[in-house]
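This is what each chain is made of:
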Amino acid sequence: MMMLSMGAATTSKSSLAHPFYINHGSRAHMKLKFFPYELKLQHVFTVSSYSRTTTPDVQVEIEYDGITGYGEASMPQYLGQTVESVTHFLEKVDLSPFTDPFQIEDILTYIDSLSDKDTAAKAAIDIALHDLVGKLLNAPWYKIWGLNKEKTPNTTYTIGIDTPKVVKQKTLECAEKFKILKVKVGGNNDKEMIETIRTVTNLPIAVDANQGWKDKYYALDMINWLHEHGIVMVEQPMPIDQLDDTAWVTAHSPVPIFADESVQRLKDVLPLKGAFSGINIKLMKCAGMHEAWKMINLARATNMKVMIGCMTETSCAVSAAAQLSPAVDFADLDGNLLITNDRFEGMLVINGKIVLPDRPGIGVKKI
């Protein structure tokens, strides 16, 4: 067994309070376990194209040498993935050739090679693997990446498209707990929703149009109106196949424009430079923490802003994404707060700010 003491040769054993071990001498194999788990929403959730009250989900565990890493695949409708497709993918995964979980690059390259899509299923493996490795190192991932937990941003809290009465009720429930809201727009009552929220609170608002605006002049008019009402950023105002129109909107917009549906994985980042001010990274889209970290660094290298987001998820996947949050400009990590049947305790939101636990790995424990 190799022990990295992280200290000088003369350092006494007693001063090494938390030595960590890499590449255990054990020839143990990683064992994969998974099962479906339907997430139940507190409220009907509506975006510009559909409504839902539940989200299909698959919970994943990777056990190695008596330690278990947790992960999950969440599948909102627009991802085009299902419990059946995720379980079919996971059934193909064979981790037996890998006896060293620290070989994250090799393991995830193999996982990615199993299909061209299935990003949520891949993310479930990635998250569980990161949780496992962090536990073996006895360190949370924000520390492994060299991030400062005090630099976590405030998270938005999402209000879906609804009637004025329901929008007002949702806003009253959350306005005192958060520093910034996120509002789904792109429907036929966008202004009514914002005006309703403004009767309750003057908090900054991020809006997500979910490709709901089709005309660039209308989109810019809406953004200018929204800016006058305290909106600080806009996600995906136009369809993904209207990139030139989006670039025009971004060039004229008074607030930053972020890509959501237009950016899935690392390969999508560079083609969006100039068309968007920034990108919204979600683990379920990009296949997990490993690629998300690469996307953040590439976006920074091209002077793009970064947002870390989530789907409707348990605290497992949300806490995994939160490990990256000290490195971003905006965070939308409220997916665990929208459900009634969380399986984990993980990252917290205190006075609107993301608070990372010091537990190792992704920072969760089962409830």
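A brief report on the enclosed structure follows. (Residues numbered from 1 in each chain as written. Predicted model: local features only at pLDDT ≥ 70, side-chain atom pairs only at ≥ 80, totals over all residues. Heavy atoms only, no water.)

1. Focus on the overall build of the protein chain
Then step 1. Helix and strand counts for the protein chain stand at 11 helices and 19 strands.
Then step 2. Here the protein chain has a C-alpha radius of gyration of 21 Å; the compact-globule value for 367 residues is 21 Å, and the two agree.
Then step 3. Its C-alpha atoms give the protein chain principal-axis dimensions of about 65 × 45 × 40 Å.
Then step 4. Burial status across the protein chain gives 56% buried among its 367 residues.
Then step 5. Contacts spanning at least 24 positions in sequence make up 69% of the contacts within the protein chain whose residues lie at least 6 apart.
Then step 6. Of the roughly 15,300 Å² of accessible surface on the protein chain, 52% is carried by carbon and sulfur atoms.
Then step 7. Side-chain charges in the protein chain split into 37 positive and 43 negative, and the spacing between the mean points of these groups amounts to 4 Å. (Helix = DSSP H or I, 4+ residues; strand = E, 2+ residues; numbered from the N terminus. Rg over C-alpha atoms; globule rule 2.2 N^0.38 Å. Buried < 20%, exposed > 50% of the residue type's maximum accessible area, 1.4 Å probe, protein only. Contact = heavy atoms within 4.5 Å. Areas by Shrake-Rupley, 256 points an atom, 1.4 Å probe, with all protein chains shown as cover. Lys, Arg positive; Asp, Glu negative; His and termini not counted. Charge placed at Lys NZ, Arg CZ, Asp CG, Glu CD.)

2. A few points about the pattern of salt bridges
Then step 1. Summed over the entire model, instances satisfying the criterion amount to 17 salt bridges.
Then step 2. The residue lysine 122 makes a salt bridge to aspartate 112 at a minimum N-O spacing of 2.6 Å. Here lysine 122 is found in helix α3 (residues 119-137), whereas its partner aspartate 112 is found in helix α2 (residues 104-113), with 10 residues between them in sequence.
Then step 3. Accessibility expressed as a relative area gives 2% for lysine 122, which makes it buried. (Salt bridge = Lys/Arg side-chain N within 4 Å of Asp/Glu carboxyl O.)

3. Some details on the packing of aromatic side chains
Then step 1. In total, this model carries eight aromatic pairs according to the counting rule given.
Then step 2. Taken together, the ring pairs connect Trp141, Trp145 and Trp293 into an aromatic cluster.
Then step 3. Looking at lysine 216, its charged tip hangs above the ring of tryptophan 248, at a distance of 4.8 Å from the centre. (Phe/Tyr/Trp six-rings, centres within 6.5 Å; stacked < 30°, edge-to-face > 60°. Lys NZ or Arg CZ within 6 Å of the ring centre and 35° of its normal.)

4. Re the side chain of aspartate 260
Then step 1. Among the secondary structure elements, aspartate 260 is positioned in the loop between β12 (257-259) and β13 (278-282).
Then step 2. Within the local environment of aspartate 260, its side chain forms a polar contact with the side chain of lysine 282, the two groups lying 3.1 Å apart.
Then step 3. Filtering out sequence-adjacent residues up to four positions away, aspartate 260 remains in contact with Tyr78, Asp208, Glu235, Gln236, Asn280, Lys282 and Lys285. (Polar contact = N/O pair within 3.5 Å; in protein donor to acceptor, adjacent residues only side chain to side chain.)

5. Considering the pairing of strand β14 (residues 305-309)
Then step 1. In terms of residue burial, β14 counts as a mostly covered element, since four of its five residues are buried.
Then step 2. Relative to β14, β13 runs parallel, the two being bridged by five bridges. Its bridge partner lying in β14, glycine 278 is registered against lysine 305.
Then step 3. Pairing geometry for β14 and strand β15 (residues 330-331), over two bridges, is parallel. (Pairing = 2+ DSSP bridges.)

6. Some thoughts on the environment of tyrosine 157
Then step 1. Within the secondary structure layout, tyrosine 157 lies in strand β8 (residues 156-159).
Then step 2. Under the relative-accessibility criterion, tyrosine 157 is labelled buried at 10%.
Then step 3. Ignoring sequence-local partners within four residues, the contact set of tyrosine 157 consists of Cys174, Phe178, Ile180, Leu181, Lys182, Asp334, Leu337 and Leu338.

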